[in-house]
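Breakdown of the fold
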Amino acid sequence: MSEDAKNKVPAYLVDLLQPTPSGTSKLIAAWDGLSVETQIQILLALEETKVPEYQSKKVRYKALDSPNAFVRYLAAKQFCFFDDYDEEGKALKERIETDSDPLVKYCLLDIADFKNEEFFFSHPQEARLAIIRKFKGWGTVIASIITYAVDNLLGQARVSESDLSEILEDYLKNPSFIEYYQTNKGNPNDGYGEYLTEKEFKNDHEALWNLILKVPKDISYILLENLPETVGPIIENHSSISVIPENILDQLTKKQIETLLFREDIVLKDYRHKLFNQPLERFDGVRSAAIAYNFDLTYDDFSELLEKPDSEKRDILRDLSSMASDLSLVFYEAMHDIILEYHTDIMEYAGDAQWKFERKVKSLKGWQLENQLIELRLYRLAKRAVPWNNSKKDISLPDKLEFMADFINDRKKSIPPRGELEFLSDFGIDGDTWATFKSFSGEWANRYGYTEKLERFLPQIYEIEDNDIEEGPIDKQEEQTAEFEEIIIESINSLKNDMNRLQAIIGSQKVFIYIVIGFFIILLFLIH
């Protein structure tokens, strides 16, 4: 018995599956006392054992006496019948085909007979489902069967929308469907065979996708929820092939689009961007679906967003902060900062952006995490050099706390890159934080190779544990000074964000109290 077979049955029953006459006799003798679950496990394991056919047939005959229809079904479908089977075989076949349960009764149907649409629908629904469960591939045949029913049979007593829904669900949700179309690699030793396999798979899936526009809308959602975007990897060293025809996407209703794009496994990056760039109302379902997964921005996209009128920009920031799951880290942080600086009336969405940031960090690994953290550190450097909204008036405090007001107001002043990073100071854009970041990022990329030695001088991201970016050697005193400065800056920035929240919620008097409390927290930090 194979190891897989052993793992499918309890240890105390392993002896019963030994490929010997005595093992089979013991199994049959114990059969009636076994639970249904154990009988099922044994029948499944029996297919993987080396028990001779004449012995395993005895067990299946015994299982056909079971009062449980599923046990009878498992036993029945393991029998093989040929044109020249004897009287015993004919009797067995008749016994199965006259079983009281449709699951057993139709399990021996020959799949080849059902390629004919009229023949397929001449059988009761139970028989149709039984044959559909045997389909492996044959997407074009399924599409032809459904199309025939829609064109000729719907509305008659023979076929209902519910019947077609069941047929498609049994086909599309069968594990063998995904296994066949997305793991089959073709014949690596036959170039023409590879071509035919690829062509067959592509034709099958295009036929299934085209069904969406042919079937009633309620049925179309079964297809939209289950059809894969691509077929592959089909052949070694071949990439997956997108099989969604463009004309299908152009004719979908809003609800159909939402159903499709709220799937995490549907990429369609260009299509998602196309929908995002269309003028839509806030929290429009299509926009939300378009940006939910597999959607990221370019730096130029974000620049265009910042140029939009405030009302439109506010709506887009809300949508992105609350719905977009796959943006690069720098966009989440930039949105968080912009909302707190310019749009305190929607500051709750800054929290959404922060939550998405933390979630995205956990999903990144290796070079992807490293690259995004470098960009984030460049953004923080740019934010120091050209702070957001540094046109705000300085705050004023009573004389006794005037030194604290100076301390806080200093944070709104420009701190250009210095030391090893001073070369970037020539690339700042006055009054534009994001443009400064883009300029820094571009120059950093232009000096690739040289900048690798300078990564340790970029602002650190202390809130992210286990930073994948390796730090190079650095003078101990310089390291302590830089670290101390970083912590203070992040603490002040955090305090400033909290001040903005409080200004919008509880008024200036309580803000003053909070500032005082924050000041003492900083003092305690400095002391320790």
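So, here is what we can say about the structure in this document. Sequence positions are assigned chain by chain, starting from 1 and proceeding in written order. Selection of residues for local features in this predicted model requires a pLDDT of at least 70, selection of side-chain atom pairs for listing and counting requires 80 or more, and totals for whole chains, interfaces and linings are taken over all residues. As a rule here, side-chain values come from all non-hydrogen atoms in the structure, and water together with hydrogens is ignored.

A short note on the overall build of the chain
Only DSSP runs of H or I covering at least 4 residues are called helices, and only runs of E covering at least 2 are called strands; the numbering of each starts at the N terminus. Within the chain, the regular secondary structure consists of 27 helices and 2 strands. Out of the 528 residues belonging to the chain, those deemed buried represent 46%. If you take every contact in the chain between residues at least 6 apart in sequence, the share linking residues at least 24 apart comes to 68%. Accessible areas in this description were obtained via Shrake-Rupley with a 1.4 Å probe; residue shielding takes into account the shown protein chains only. Accessible surface computed for the chain: about 27500 Å², of which carbon and sulfur atoms make up 50%. For each residue, the accessible area found with a 1.4 Å probe, counting protein chains only, is set against the maximum for its type, and the residue is called buried under 20%, exposed over 50%, and partly exposed in between. Two residues form a contact once any of their heavy atoms are found within 4.5 Å.

Considerations on unusual backbone geometry
Look at leucine 268: it is not a glycine, yet its phi comes out positive at around 45 degrees. Despite not being glycine, asparagine 294 shows a phi value in the positive range, around 50 degrees. Structurally, the position occupied by asparagine 294 is in the loop between α18 (285-292) and α19 (299-306).

Remarks on the environment of glutamate 358
With respect to the element layout, glutamate 358 can be found in helix α22 (residues 348-363). The exposure class assigned to glutamate 358 is partly exposed, which follows from its relative accessible area of 40%. When the C-alpha atoms of glutamate 358 and isoleucine 464 are compared, they prove to be 8.5 Å apart, with 106 residues separating the residues in sequence.

Quick look at the environment of valine 14
Examined against the element boundaries, valine 14 turns out to sit in the loop between α1 (3-7) and α2 (21-31). In this structure valine 14 comes out as buried when scored by relative accessible area, which is 14%. Sequence separation between valine 14 and leucine 27 is 13 residues; the distance between their C-alpha atoms is 9.9 Å.

Side note on empty space enclosed by the protein
Empty space among the atoms becomes apparent when a probe as large as a water molecule is rolled across them. With a 1 Å grid spanning the protein atoms alone, the term cavity applies to any set of points in which a 1.4 Å probe fits but cannot get out, the term pocket to an open set with protein on both sides within 12 Å along at least five of seven lines, and the term lining residue to any residue with an atom within 4 Å of a point. Grid points are joined across faces, edges and corners, and a volume is the space filled by probe spheres set on the points. Inspection of every chain in the model, using the stated rule, returns 1 cavity of 30 Å³ or more. There is about 40 Å³ of room inside the largest cavity. Around the largest cavity, the lining residues are Ile132, Phe135, Lys136, Gly137, Asp170, Tyr171, Asn174, Ser176 and Phe177. For the lining of the largest cavity, the secondary-structure elements that each account for two or more residues are α11 (161-172) and α12 (175-183).

Brief notes about the pattern of salt bridges
Salt bridges are defined as contacts in which a side-chain nitrogen from Lys or Arg sits within 4 Å of a carboxyl oxygen from Asp or Glu. Evaluation of the coordinates by the stated rule reveals 23 salt bridges. In this structure, arginine 263 and aspartate 265 form a salt bridge, with 2.8 Å as the shortest nitrogen-oxygen distance. Arginine 263 gets classed as buried once you look at its relative accessible area, which sits at 10%. Since its relative accessible area comes to 47%, aspartate 265 is described here as partly exposed. In this structure, arginine 314 engages aspartate 345 in a salt bridge whose closest nitrogen and oxygen atoms are separated by 3.3 Å.

Honestly, it's all geometry; don't read function into it.
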